[in-house]
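An overview of the molecular structure
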Amino acid sequence: MALESRVTQEEIKKEPEKPIDREKTCPLLLRVFTTNSGRHHRIDEFSRGNVPSSELQIYTWMDATLKELTSLVKEVYPEARKKGTHFHFAIVYPDPRGKMYKLKDIGSTVSGRKGADDSMTLQSQRFQIGDYLDIAITPPNRAPPLSARMRPF
């Protein structure tokens, strides 16, 4: 008889994150894939050992926030620096039951604005070393309307 763990999202969020000493902890290699279309890469682009061509490699820690990652991406892509540019983050991870990958939306940020997801960390979203990060970048002139989670203050 198999036992299943039934952990709710509230319980996951209540677990305190262990602070990471960036002076003593070795960073991880985060493989980031970006699009400028406002949509994430198709999941089949990650199949059979292939990855999209728009790879950006970032050395960071598990306590990196989405706002911190947004700043690093803006350093590489000047067109993403415009105020009002939307960054939608998703973790791409291997499906444990098959040979495919799955995509999990984890949050979004807006350049030049504070938002609810700014302080969200990779660790809090159950990112594991070896997963990929997919960022859909939407220019300000094509950005969707602000949701309740993104308040312009």
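Residues numbered from 1 in each chain as written. Predicted model: local features only at pLDDT ≥ 70, side-chain atom pairs only at ≥ 80, totals over all residues. Heavy atoms only, no water.

Labelled according to an unreviewed UniProt entry, the protein chain appears under the name Histone deacetylase complex subunit SAP18, originating from Parambassis ranga. Comment text from UniProt for the protein chain, heading Sequence similarities (unreviewed entry), reads "Belongs to the SAP18 family." Comment text from UniProt for the protein chain, heading Function (unreviewed entry), reads "Involved in the tethering of the SIN3 complex to core histone proteins." (UniProt positions renumbered as here; feature names shortened; annotations may be inferred.)

Let's shift gears to the pairing of strand β3 (residues 86–94). Inspection of the sheet shows β3 paired to strand β4 (residues 101–110) by nine bridges, in the antiparallel sense. From the neighbouring strand, Y93 faces β4, where its bridge partner is K102. The hairpin turn running from β3 into β4, its antiparallel successor, is six residues long. Bridging between β3 and strand β5 (residues 132–138) involves seven bridges; their strand directions are antiparallel. Of the residues in β5, the one forming a bridge with F89 is I135. (Pairing = 2+ DSSP bridges. Helix = DSSP H or I, 4+ residues; strand = E, 2+ residues; numbered from the N terminus.)

Right, let's talk about the sheet that holds strand β1 (residues 28–35) for a bit. An order of β2-β1-β5-β3-β4 is seen for the five strands of this open sheet, with the pairing classed as mixed. Strand pairing shows two members of the sheet lacking a second neighbour, β2 (55–60) and β4, which therefore form its edges. If you compare each strand with its neighbour and ignore which way they point, the axes differ by 30° on average. Strand contacts of helix α2 (residues 66–76): β1, β2, β3, β4 and β5, with the helix running at about 85° to β4, the strand carrying the most contacts. (Axes fitted to C-alpha atoms, helices over the stretch in contact; angles between N-to-C directions. Contact = heavy atoms within 4.5 Å.)

The subject of this paragraph is the side chain of D131. Positionally, D131 belongs in the loop between β4 and β5. Ignoring anything within four residues of it in the chain, the contact list for D131 reads I91, V92, Y93, P94 and R126.

Below, the discussion takes up the side chain of K74. Take K74: it is sitting in helix α2. Here K74 occupies a buried position and makes no salt bridge, while the nearest side chain of opposite charge, E75, is found at 9.5 Å. (Buried < 20%, exposed > 50% of the residue type's maximum accessible area, 1.4 Å probe, protein only. Lys, Arg positive; Asp, Glu negative; His and termini not counted. Salt bridge = Lys/Arg side-chain N within 4 Å of Asp/Glu carboxyl O.)

Moving on: the pattern of salt bridges. Pairing between side chains becomes possible if they bear opposite charge and their charged atoms approach one another. Tallied over the full model, the rule gives seven salt bridges. A salt bridge links D63 to R22, with the nearest nitrogen and oxygen atoms 2.8 Å apart. With D63 in the loop between β2 and α2 and R22 in the loop between α1 (9–14) and β1, this pair connects stretches of sequence that are 41 residues apart. When its relative accessible area of 29% is taken as the criterion, R22 is described as partly exposed. If you follow the salt bridges from partner to partner, you end up with R22, D63 and E68 in one network.

Another point: the environment of N141. Within the fold, N141 resides in the segment after β5. Residues N141 and G84, spaced 57 residues apart in sequence, show a C-alpha to C-alpha distance of 8.3 Å.

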